[in-house]
Amino acid sequence: MTYPSVSLLRQTNLLFIRSFMILLLSFLAIKLNLCFSSIPSSLKTLPVLGHFTFNENEFAARDFGGQYHFLPMAVLHPKSVSDIATTIKHVWQRGPGSELTVAARGNGHSLQGQAQAHRGIVIKMAALCREMQIHTGTKPYVDVSGGELWINILRESLKYGLAPKSWTDYLHLTVGGTLSNAGISGQAFRHGPQISNVHQVEVVTGKGEVLNCSEQQNADLFHGVLGGLGQFGIITQARISLEPAPTRVMWIRVLYSDFSTFSRDQEHLISAGKTFDYIEGLVVMNKTDLLNNWRSSFNPKDPVQASRFKSDGRTLFCLELGKYFNSEETEEANQEIEMLLSQCSYIPSTLIQSEVAYIDFLDRVHASELKMRSRGLWEIPHPWLNLLIPKSKIHNFVQEVFGNIITDTSNGPVLVYPLNKSKWNNRTSVALPEEDTFYLVALLSHAVPSSTGTDSLEHLLAQNERILNFCEAAQLGVKQYLPHYTTQDQWQAHFGPRWEVFVRRKSAYDPLAILAPGQRIFPKAISDAVAAAEILLT
């Protein structure tokens, strides 16, 4: 009597298991497709004041990064917060078996598809209609929609002689978008990021609940959504702190040939009691025009002197400063600037300055945006990399990255400037380096779509990867700002000891992982089964 060989039995079992899995996953995929086919009709019956669009939604599959393109099933154009709550609650009530997700889209300036929702619902936050409310007094503030642009807040608050305290370099971003990350610019060393200047927020959770949140009410969710990458709720309204606004800015740039001196002066200025109102820095490599780049158009008082500055193959460091004042305070402002600059060790012949209106200074990037758009150079891929680096490690980073990895800065500006951790609220969701002072290093590259050289997307992405690999190998304790990771293990490492709180908040406020799927932090488990089915069936 003969028996089948062990290998034959194993092959038969494997074939049976594979066939069973294909049938199971095929059934799952078919069931999901049937579910998806019913979704548009169910959305059409929702009682919303705004409306859904199911076609011509390609804009919602694009962003500033230009690397990811995921088309949603529908786009909600809300006219009220209840429209957003009704939509999310509808998705929530479909239960864990639904693959449907929801993403809030601001002005489309995400870098890696964070505001996209593949076959899901994108909420066009700009459509949310809410009147801006300015409150004057000893502690002025403004109530604004989560879809409002910061430039509009500036214009409206200036009518009352007021303005927000903290900014981003680019103002054509939405309140909800920047507060979901942090909101950093050259004022953050003094006032902290934008999330440190918020009194309260209105949030729609992943269950469709509308909650008012502050330090005194729903404090856990308040801290969670600030820097929370959209994981716990959609910010539909925010109360932003205001201060008296100046009318003029003295905009100054000086150059250094030595990073140690450059960083020492920066660190001194951000810790001084009397200092500038805006402090940033740039790295300049192999450039002839040291004054201008796409993020600003600098018009110095002495253009002849300014035109003499050339890097000539050297790596130079540009300290960029701003001093705010009113027209009647010009003389006092100049005296203070002279005193502050006397404490710095820049190359004396490189001092250049320009006096501009306050609003023009804050909106400086937009003027360059218009020029770039006219040349077709704005809507191209932007493989940006933003890092927060501990003060004790910044010299190691600069030596390796600007000595061996990056050879020029012609593909976009490179920012380097320090921040004070004491100005950040450690209860928010933002992951920061351990040290009290850390640097923002922002590699703001743009890629030429048809290129195969050093300005190609492939080259710049590979360059970013080299930098990240170096940071990990050298154990620099770096944190990504506007973070992007591909695995949950990487996200866990990013948040470190904060990960447990982050997971708890997700479970409390968005347990079905409906919100912000483009961040790829908490993918819905059902998505993995669908992907497996698609692979096996091809």
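Residues numbered from 1 in each chain as written. Predicted model: local features only at pLDDT ≥ 70, side-chain atom pairs only at ≥ 80, totals over all residues. Heavy atoms only, no water.

Peer 1: Teacher, can you tell me more about helix α2 (residues 81–93) here?
Peer 2: Across its 13 residues, α2 extends 18 Å between first and last C-alpha, which sits within 8% of the 18 Å expected from 1.5 Å per residue. Among the residues making up α2, those that are buried are Val-81, Asp-83, Ile-84, Ala-85, Thr-87, Ile-88, His-90 and Val-91. (Helix = DSSP H or I, 4+ residues; strand = E, 2+ residues; numbered from the N terminus. Expected span 1.5 Å × (residues − 1). Buried < 20%, exposed > 50% of the residue type's maximum accessible area, 1.4 Å probe, protein only.)

Peer 1: Please clarify how the sheet that holds strand β11 (residues 248–256) should be interpreted in this entry.
Peer 2: What holds strands together in a sheet is hydrogen bonding between their backbones, with the strands either parallel or antiparallel. Strands sit in the order β14-β11-β13-β12-β16-β17-β15-β18 across an open sheet of eight strands; the sheet is antiparallel. Here the strands that pair on one side only, and so sit at the sheet edges, are β14 (352–357) and β18 (479–481). Across the sheet, the mean angle separating the axes of adjacent strands is 25° when strand polarity is ignored. Bridge count for strand β15 (residues 385–390) against β18 is three bridges, and the pairing is antiparallel. (Pairing = 2+ DSSP bridges. Axes fitted to C-alpha atoms, helices over the stretch in contact; angles between N-to-C directions.)

Peer 1: Can you help me understand a negative patch on the surface in this one?
Peer 2: Taken together, the side chains of Glu-328, Glu-329, Glu-331 and Glu-332 define an acidic patch exposed on the protein surface. Here Glu-329 is to be found in the loop between β13 (315–325) and α9 (330–341). (Patch = residues over 30% accessible without salt bridge, like charges linked within 9 Å, V, L, I, M, F, W, Y side chains within 5 Å. Areas by Shrake-Rupley, 256 points an atom, 1.4 Å probe, with all protein chains shown as cover. Salt bridge = Lys/Arg side-chain N within 4 Å of Asp/Glu carboxyl O. Lys, Arg positive; Asp, Glu negative; His and termini not counted. Charge placed at Lys NZ, Arg CZ, Asp CG, Glu CD.)

Peer 1: I'm lost on the pattern of salt bridges in this one. Help?
Peer 2: Once the charged atoms of two side chains with opposite charge are near each other, the side chains can pair. Under the counting rule described, the total for this entry stands at 16 salt bridges. A salt bridge links Arg-427 to Glu-215; the nearest nitrogen and oxygen atoms lie 3.3 Å apart. Here the residue Arg-427 occupies a position in the loop between β16 (414–420) and β17 (437–443), and Glu-215 occupies one in the loop between β9 (210–214) and α6 (219–225), the gap between them amounting to 212 residues. Using a relative accessible area of 43% as the deciding quantity, one classes Arg-427 as partly exposed. With a shortest N-O distance of 4.0 Å, Asp-277 and Lys-323 are connected by a salt bridge. Highlighted residues: Asp-277 in the loop between α7 (259–271) and β12 (278–285) and Lys-323 in strand β13, separated in sequence by 46 residues. A relative accessible area of 8% places Lys-323 in the buried class. Linked by salt bridges that have partners in common, Arg-190, Asp-277, Lys-323 and Glu-336 make up one network.

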